[in-house]
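Structure assessment
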2 protein chains.
Amino acid sequence: MSTEPVWPDELFADLERTGPVPLYFQISTRLERAIREGVIPSGARLENEIAIGERLGLSRPTVRRAIQELVDKGLLVRRRGIGTQVVQARVSRPVELTSLNEDLTRVGHHPATRVLSLERVPADEEAAAQLNLAIGTEITRIRRVRSADGTPMAILINLLPPEFSDITVEDLERRGLYEIMRSRGVTIKIANQTIGARRTHDDEHELLDIAKGSPLLTMDRVAFDHGGRAVEAGHHCYRPDLYSFETTLVSR
Amino acid sequence: MSTEPVWPDELFADLERTGPVPLYFQISTRLERAIREGVIPSGARLENEIAIGERLGLSRPTVRRAIQELVDKGLLVRRRGIGTQVVQARVSRPVELTSLNEDLTRVGHHPATRVLSLERVPADEEAAAQLNLAIGTEITRIRRVRSADGTPMAILINLLPPEFSDITVEDLERRGLYEIMRSRGVTIKIANQTIGARRTHDDEHELLDIAKGSPLLTMDRVAFDHGGRAVEAGHHCYRPDLYSFETTLVSR
DNA sequence: TTCGTGCTATTGTTAGGACAAATGCACCGG
DNA sequence: CCGGTGCATTTGTCCTAACAATAGCACGAA
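It should be emphasised that the depicted structure is a prediction, and the values quoted were computed from it without experimental measurement.

**Quick look at the relation of the copies chain A and chain B**
- Rotating chain A by 180° and moving it 0.0 Å along the rotation axis overlays it on chain B with an RMSD of 0.2 Å. In short, the pair behaves as if placed about a two-fold rotation axis. Distance from the rotation axis, computed per C-alpha, reaches its smallest value in chain A at A:Pro215: 2.4 Å.
- A shared interface surface links the copies, since 98% of the contact residues of chain A are contact residues in chain B too.

**Considering the domain arrangement of chain A**
- Partitioning chain A into domains gives domain 1 (9-86) and domain 2 (91-246).
- On a C-alpha basis, the centres of domain 1 of chain A and domain 2 of chain A stand 36 Å from each other.

**Overview of the environment of A:Ile139**
Residue and element names in this part refer to chain A.
- Among the secondary structure elements, Ile139 is positioned in strand 4 (residues 138-148).
- The buried category is assigned to Ile139, whose relative accessible area is 2%.
- Sequence-distant contacts of Ile139, defined by excluding residues within four places in its chain, comprise Glu119, Arg120, Val121, Ala123, Ala127, Leu131, Leu133, Leu159 and Leu160.

**Let's talk about the pattern of salt bridges**
All names here are of chain A.
- For the structure shown, the criterion picks out 28 salt bridges over all chains.
- Where Arg229 meets Asp225, a salt bridge forms, and the shortest distance between an N and an O atom there is 3.5 Å.
- You can call Arg229 partly exposed: its relative accessible area is 38%.
- Each of Glu49, Arg60, Arg64 and Arg78 takes part in one network of salt bridges that share partners.

**Let's talk about the packing of helix 1 (residues 23-36) of chain A against helix 3 (residues 60-73) of chain A**
Residues and elements named next belong to chain A.
- Look at helix 1 against helix 3: their axes get within 8 Å of each other, and the N-to-C directions meet at 45°. Classified by the interaxial angle, the pair formed by helix 1 and helix 3 is oblique. Crossing of helix 1 against helix 3: the hand is right-handed. Contact with helix 1, carried on its side by Leu23, Tyr24, Ile27, Ser28, Leu31, Glu32 and Ile35, involves Thr62, Arg65, Ala66, Glu69, Leu70 and Lys73 of helix 3 and no other residues of that element.
- Each residue belonging to the contact of helix 1 with helix 3 can be placed in one class, and the counts come to seven nonpolar, two polar and four charged.

Each value, and the rule that gives it
- Residues numbered from 1 in each chain as written.
- Chains lettered and ligands numbered in written order.
- Predicted model: local features only at pLDDT ≥ 70, side-chain atom pairs only at ≥ 80, totals over all residues.
- Heavy atoms only, no water.
- Least-squares fit on C-alpha atoms with pLDDT ≥ 70 in both.
- Contact = heavy atoms within 4.5 Å.
- Domains from an automatic or database assignment.
- Helix = DSSP H or I, 4+ residues; strand = E, 2+ residues; numbered from the N terminus.
- Buried < 20%, exposed > 50% of the residue type's maximum accessible area, 1.4 Å probe, protein only.
- Salt bridge = Lys/Arg side-chain N within 4 Å of Asp/Glu carboxyl O.
- Axes fitted to C-alpha atoms, helices over the stretch in contact; angles between N-to-C directions.
- Parallel < 35°, antiparallel > 145°, perpendicular 65-115°, else oblique.
- Left-handed = near helix turned anticlockwise from the far one by under 90°.
- Nonpolar A, V, L, I, M, F, W, Y, C, P; charged D, E, K, R; others polar.

The structure is reproduced here in structure tokens:
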């Protein structure tokens, strides 16, 4: 027995079969939106993959790939012999490879950035190891405070390899760092992150407007381009009452 | 032009073509081990997908799927027109859907668990919301201290729905919670996690043998089974000098 | 009743083929 | 010398097809 269709036909009426956007991607994004907006209710069972394919005029592998995208995101669950269902749990978007800047904008806050310092310094041992450079190489060191709606949320320290030595304070106050790097043709493919906690140091409590010695949430990140070259190292700390990291884990 | 083979033929000599383990999975696990052990060096370029398939007697989709697994894990990078390369960055295993217990064992530590309390309590508003039960439903509340090699590392609080009301202290000291749940046929498919930081409360500093009011790394988790039913809620806190969360992010 | 057996529905795996798109390189013309 | 054109290489997308494995259900036997 086939399940009744759970979405209106209009949802997939405007598929671009010739454009540059892959079909499976068009399907999965439309499906995701329908699920997040509640058009397809939580717990609903989808039709089987072949029936969906017939209804949309697509092959099973294409439909399957679209569904797989959402399974990976934790929005759908598949069970052999049973079918595919919309997950009933609320699913949070994962920690993504975006800047804090973009995160905040998406949630509807107004981010602002104050550049505390922008200097060229010789790489110490740690920085050299992270960026895979010789000790003493001139790197760019940025220290910023990021606020949302006027409240300081985080202190961001970034170390950049020599090729970014001409970045200006104006650039940094206007756009996020990742945006600047992208506009120079540097695409970040992979990042290693470590999330931890510690007390405030030095002037951090003043910058974040919290008590001296209170806890901070920290995130250290080294980012690499497609060739595996380290293009950025970051040492960030966040006010734990204003910021946390959310993830959804999916077992396979 | 085809690239020279980068792995010894023995690597894939013992593929089980009839067994229950999928071929793509056998390939990807062997490849992953070879990369992590350095048998295939960092930065090496793989043969093209079709050539690999011919050498192994497999079709391109199967080879492609095996490679995709490692791309998702951040071990390989693909570029159209170029080929597939081993990532040069060190890649950490992601935060997985495993218990802390299993994490520690894998890294070679000796975990031990002390059960502080195991009680049945009525669900308060927060717990009821997390486990999707009526307020006042009797749930099981566990509080444990997890140590590695004799040093306390974390305080674990878990809330379980009524069906687990018969869990005993002996169970919990012998096996990890997730292991117990699995043995009862409850498989966790999805979990939502929030990682943050705060000060110690109450007796936490004593249990973890740190200064009163010092920072803690916290992780709150709600786990769901395949049907989207909440089967566990956890409120954990870790000594930040002994524990941190590592992830690798891959952009797509 | 209860247990097992077999049927049906559905996803999981594998194969083989075709064309599209991007990249790097050699080559050629200005 | 420089820039563009075209080609070879390789991954990206999409299709058709077949069979395996699993879960649930109906049915029948003990």
